[in-house]
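Each chain, letter by letter, is given below.
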Amino acid sequence: DFCVLGSGLSGSTIANLLSKKYKVEVIEKAKGIGGRASNKKINKSVSFDHGLQYFSPKNKKFRKYLNGFIKKGILKYWEGNHLDFTLKKRADDKKIIGVKGNNDLNKFLLKKIKKNLNEEIKHIKFKNDHWEVFGATSKFKTKNIIITFPYEQTVELAKKYLKSNFLKLKVKMNPNLTLLLSHKTKKLIPISSIKVDKSLIFWMAHENSKKRFSKKESYWTVQTSKNFSKKIIKSYKKRRNYYSNLIAKEFSNFLNLDPKTLKIFKIHGWKYSYNFNKTNHKFYWCKKFRIGVCGDWFIGPNAESSWESANSLFNNIKKNPPSKT
């Protein structure tokens, strides 16, 4: 009945909600579930949350929703010393993370739903009374389609079937780069995360502090600042080593570490990471073509926005169910 494109939080949420009444399948281009909540494993025990860093609920409904998963043992509070040198920390800024990885919630929501991985969407076509979705290796047929991609990718894929008011939305997705590295040390630094206002780096997360593994090495996820990300997002792939070492040097300088003790695993660029500006909509639905769109960028840059957008689209479909074909 419904084919959901993308397994990020918005895709996982709406797929789970729809599955209670309809037959649903999810198509994901990556080899794992999570979208921007991806968790990158480098061996059997060590992993990095190289996209979404944590949940920090603002409204009561989302807080209650997450608390339910904390009770189930899917999520937990990220304890420790969280340093904020930007001086913008809120008093209620509690951080919630996955017990095993920040894609744990996505995995739980999609546990009973058929998932098609490694299927990057090449093309979609509305034919007579159904959709045809062309993936990397397979073709799928569905009555309704839900797209949970960033705005630019959604327009590129489905421009032919989207209304003009959607195509005129003023959305500017900002990029972000993530560097995964480790520090060889005899004593772990007693810090969970650091938020800074530097020229290159904005965020540093100490993966050891999440207590998912026990290692002598210190593992860190480092994310770049908005301006620096914009500057290199189009060129970093051609100069991976250069930019990786540049970011690592900034990291070592900030924590006063010997650069020789660092080991770089990977640099990853999120071209369409987040949107600071709200639109006048929470979702998109076209009954004529039976196509829906949801995602955080409709509402804001946080994971909470993904959840709110998906719920809003689901409630609209629930009130105005698509006609049977």
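Residues numbered from 1 in each chain as written. Predicted model: local features only at pLDDT ≥ 70, side-chain atom pairs only at ≥ 80, totals over all residues. Heavy atoms only, no water.

Peer 1: Help me out: how do you make sense of helix 1 (residues 9–18) in this one?
Peer 2: Three- or four-residue spacings in an α-helix give side chains the same orientation, since the helix completes a turn every 3.6 residues. Counting buried residues in helix 1 gives 10 out of 10 residues, a clear majority hidden from the surface. Those residues of helix 1 that sit buried are Leu9, Ser10, Gly11, Ser12, Thr13, Ile14, Ala15, Asn16, Leu17 and Leu18. Looking at the buried side of helix 1, the elements it contacts are strand 1 (2–5), strand 2 (24–27), helix 3 (104–109), strand 12 (144–147) and helix 8 (303–319). (Buried < 20%, exposed > 50% of the residue type's maximum accessible area, 1.4 Å probe, protein only. Helix = DSSP H or I, 4+ residues; strand = E, 2+ residues; numbered from the N terminus. Contact = heavy atoms within 4.5 Å.)

Peer 1: Looking at this model, I keep getting lost on the pattern of salt bridges. Mind explaining?
Peer 2: A side chain of one charge can pair with a side chain of the opposite charge when the charged atoms of the two come close. Counted under the stated rule, the structure contains 11 salt bridges. Ionic pairing is found between Lys122 and Glu120, a salt bridge with its closest N-O pair at 3.9 Å. Under the relative-accessibility criterion, Lys122 is labelled exposed at 56%. Measuring nitrogen to oxygen at the nearest pair gives 4.0 Å for the salt bridge that ties Glu132 to Lys127. Residue classification places Lys127 among the partly exposed positions, given a relative accessible area of 35%. Members of the salt-bridge network, linked through shared partners, are Asp49, Glu207, Lys210 and Arg212. (Salt bridge = Lys/Arg side-chain N within 4 Å of Asp/Glu carboxyl O.)

Peer 1: Explain the sheet that holds strand 10 (residues 130–134) to me, please; I cannot follow it from the model alone.
Peer 2: Picture the strands of a sheet paired through backbone hydrogen bonds; they go either parallel or antiparallel. The 3 strands are arranged 9-10-11 in an open sheet whose pairing can be described as antiparallel. Two strands lie at the open edges of the sheet, namely strand 9 (123–127) and strand 11 (139–142), each paired on one side alone. Across the sheet, the axes of successive neighbouring strands diverge by a mean angle of 20°, strand direction being ignored. Where strand 9 and strand 10 come together, 5 bridges link them in antiparallel fashion. Within strand 10, the residue paired with Lys127 across the bridge is His130. (Pairing = 2+ DSSP bridges. Axes fitted to C-alpha atoms, helices over the stretch in contact; angles between N-to-C directions.)

Peer 1: What should I look at first to understand the layout of surface pockets in this one?
Peer 2: Rolled over the atoms, a probe with the dimensions of a water molecule shows which regions are left empty. There is about 220 Å³ of room inside the second largest pocket. Lining the second largest pocket are 17 residues, with Glu79, Ser192, Ser209, Lys210 and Lys211 sitting closest to its centre. Residue composition of the lining of the second largest pocket, by class: 7 nonpolar, 6 polar and 4 charged. (1 Å grid on protein atoms, 1.4 Å probe; cavity = no way out; pocket = protein on both sides within 12 Å on 5 of 7 lines; lining within 4 Å. Points joined across faces, edges and corners; volume = space filled by probe spheres on them. Nonpolar A, V, L, I, M, F, W, Y, C, P; charged D, E, K, R; others polar.)

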